[in-house]
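# Descriptive structure summary
This is what each chain is made of:
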Amino acid sequence: AAGVIQSPRHLIKEKRETATLKCYPIPRHDTVYWYQQGPGQDPQFLISFYEKMQSDKGSIPDRFSAQQFSDYHSELNMSSLELGDSALYFCASTPSNAGSHEQYFGPGTRLTVT
Amino acid sequence: AQSVAQPEDQVNVAEGNPLTVKCTYSVSGNPYLFWYVQYPNRGLQFLLKYITGDNLVKGSYGFEAEFNKSQTSFHLKKPSALVSDSALYFCAVRGPSGGSYIPTFGRGTSLIVHP
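Residues numbered from 1 in each chain as written. Chains lettered and ligands numbered in written order. Predicted model: local features only at pLDDT ≥ 70, side-chain atom pairs only at ≥ 80, totals over all residues. Heavy atoms only, no water.

### A look at the pairing of strand β9 (residues 87-94) of chain A
All names here are of chain A. By the criterion of burial, β9 is predominantly enclosed, with eight of the eight residues buried. Alternating residues of β9 divide into A87, Y89, C91 and S93 and L88, F90, A92 and T94, and every residue in both groups is buried. Alignment of strand β4 (residues 31-37) against β9, held across seven bridges, turns out to be antiparallel. Its bridge partner lying in β9, Q36 is registered against Y89. (Buried < 20%, exposed > 50% of the residue type's maximum accessible area, 1.4 Å probe, protein only. Helix = DSSP H or I, 4+ residues; strand = E, 2+ residues; numbered from the N terminus. Pairing = 2+ DSSP bridges.)

Written out as C-alpha cells, the structure reads:
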C-alpha cells in the first residue's frame, strides 16, 4: 500500500540558509500535518492543512511557512535557519480532518543545521 | 486543553513476559485515544485506537489497550513481549468532534525487551 512520502530524507544546511521539505500524502488523503521532533522528544505539531487551506497552527516559528497544493502535496519552507532547527521533521496525513482518524506518518526528513 | 501523561520514560521487560506501557489523559468530552510505535530513525506507526465501544481494543502485532474512563487511562499491553517490540511508544489524545482535531502526544516511553 502507498505510504506518505517525504523528501529529502536528509538535509544539511548552514545557519541563515533556507530549506524546503516536501510531503506527498497517501492518495485520497486530503489532510496533512507537519511535526518537528527533537532528539528524545515527542513530536511537536507545527501546522496542518485540510483541502489546501490551513486548518490548525501550532508552534511553528514565523520563519517557517507551509502550503498545500492542488495535488494535496505539501511543502514546509524554512528560512533563516538556526542551530535549534536541527530535528526530524515528519509529515502525516489522514483521509479527512475528522478526529477519529489515525495519522499515517512519513519516514521523516532529518535536518541538520551547522 | 488536552494533555497526555506517560509516567515512565523507560520500561524494561524480559522476553516472554507481559508488558504494560502506561498512559493517562485529560480532555474535555469523550476522547479519541491512539497508540503509536516509533523505531529508530523512522516515522510513527499506528498501533491501535479507541473511539467508542468496547473498552478493550486490539491492535497490530498482538498489542491491546484498555480504555478506563474513570481513571482516564489507556494503558498499552501485550501478553508476551518480543525483543523486536523494543521501540519508543507514544500515546496520543484528540478531542471529540467539534474540538481540536490536532492530537496531543505524550513524551514517549522507551520499551526495552531483554532476551
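### Topic: the environment of E15 of chain B
All names here are of chain B. Here E15 is to be found in the loop between β2 (10-14) and β3 (19-21). Sequence separation between E15 and L48 is 33 residues; the distance between their C-alpha atoms is 22 Å. Not counting residues within four places of it along the chain, the set of residues in contact with E15 comprises A81, L82, V83, V113, H114 and P115. (Contact = heavy atoms within 4.5 Å.)

### Section: the nonpolar core
By size, the foremost hydrophobic cluster in this structure holds 27 residues, and its most contacted members are W35, L47, L48, F74, L76 and Y89 of chain B. With four residues, the single largest contributor to this core is strand β10 (residues 87-94) of chain B. (Core = buried A, V, L, I, M, F, W, Y, C linked by side-chain atoms within 4.5 Å.)

### Notes on the interface of chain A and chain B
Facing 22 residues of chain A, the contacting portion of chain B comprises 19 residues. Together chain A and chain B conceal approximately 1,800 Å² of surface at their shared face, both sides included; 53% is due to carbon and sulfur atoms. Counting the contacts that link chain A with chain B gives two salt bridges. Here E102 of chain A ties to K49 of chain B by a salt bridge, and the two come within 2.7 Å at their closest N and O atoms. Inspection of the chain A/chain B interface yields seven residue pairs in polar contact (both at pLDDT 80 or more). Counting only elements with at least two residues in the side of chain A that touches chain B, the list comes to β4 and β5 (44-50) of chain A. Considering every element that reaches the side of chain A that touches chain B, the biggest residue donor is β4 of chain A, with three residues. (Buried area = accessible area lost by both parts, 1.4 Å probe. Salt bridge = Lys/Arg side-chain N within 4 Å of Asp/Glu carboxyl O. Polar contact = N/O pair within 3.5 Å; in protein donor to acceptor, adjacent residues only side chain to side chain.)

### Considering the environment of T18 of chain A
All names here are of chain A. Counting through the fold element by element, T18 comes out in the loop between β2 (10-13) and β3 (19-24). Separated by 59 residues in the primary sequence, T18 and N77 place their C-alpha atoms 7.4 Å from one another. Setting aside anything within four residues of it in sequence, one finds T18 in contact with K13, M78, S79, S80 and L81.

### Digging into the side chain of Q37 of chain A
For Q37 of chain A, the position within the fold is in strand β4. Here Q38 of chain B takes part through its side chain, which lies 2.9 Å from a polar atom of the side chain of Q37 of chain A. When sequence neighbours within four positions are dropped, the list of residues in contact with Q37 of chain A reads D42, P43, A87, L88 and F90 of chain A together with Q38 and F90 of chain B.

### Topic: the state of the cysteines
With the rule as written, the count across this model stands at two disulfides over all chains. The disulfide bridge from C23 of chain A ends at C91 of chain A, spanning 1.7 Å between sulfur atoms. On the sign convention where negative means left-handed, the S-S torsion of about -50° between C23 of chain A and C91 of chain A marks this disulfide as left-handed. Taken together, the residues C23 of chain A in strand β3 and C91 of chain A in strand β9 connect sequence positions 68 residues apart. Paired by a disulfide, C23 of chain B and C91 of chain B hold their sulfur atoms 2.0 Å apart. What sets the handedness of the C23 of chain B and C91 of chain B disulfide is the S-S torsion sign, and at about -60° it is left-handed. Taken together, the positions of C23 of chain B in the loop between β3 and β4 (24-26) and C91 of chain B in strand β10 put the pair 68 residues apart, joining distant regions of the chain. The two residues C23 of chain B and C91 of chain B agree in class, both being buried. (Disulfide = S-S within 2.5 Å.)

### Focus on the sheet that holds strand β1 (residues 5-7) of chain A
Residue and element names in this part refer to chain A. The four strands are arranged β1-β3-β8-β7 in an open sheet whose pairing can be described as antiparallel. The outermost strands of the open sheet, each flanked by one partner alone, are β1 and β7 (64-68). On average, each strand axis in the sheet is tilted by 15° relative to the strand beside it, whichever way the strands run. (Axes fitted to C-alpha atoms, helices over the stretch in contact; angles between N-to-C directions.)

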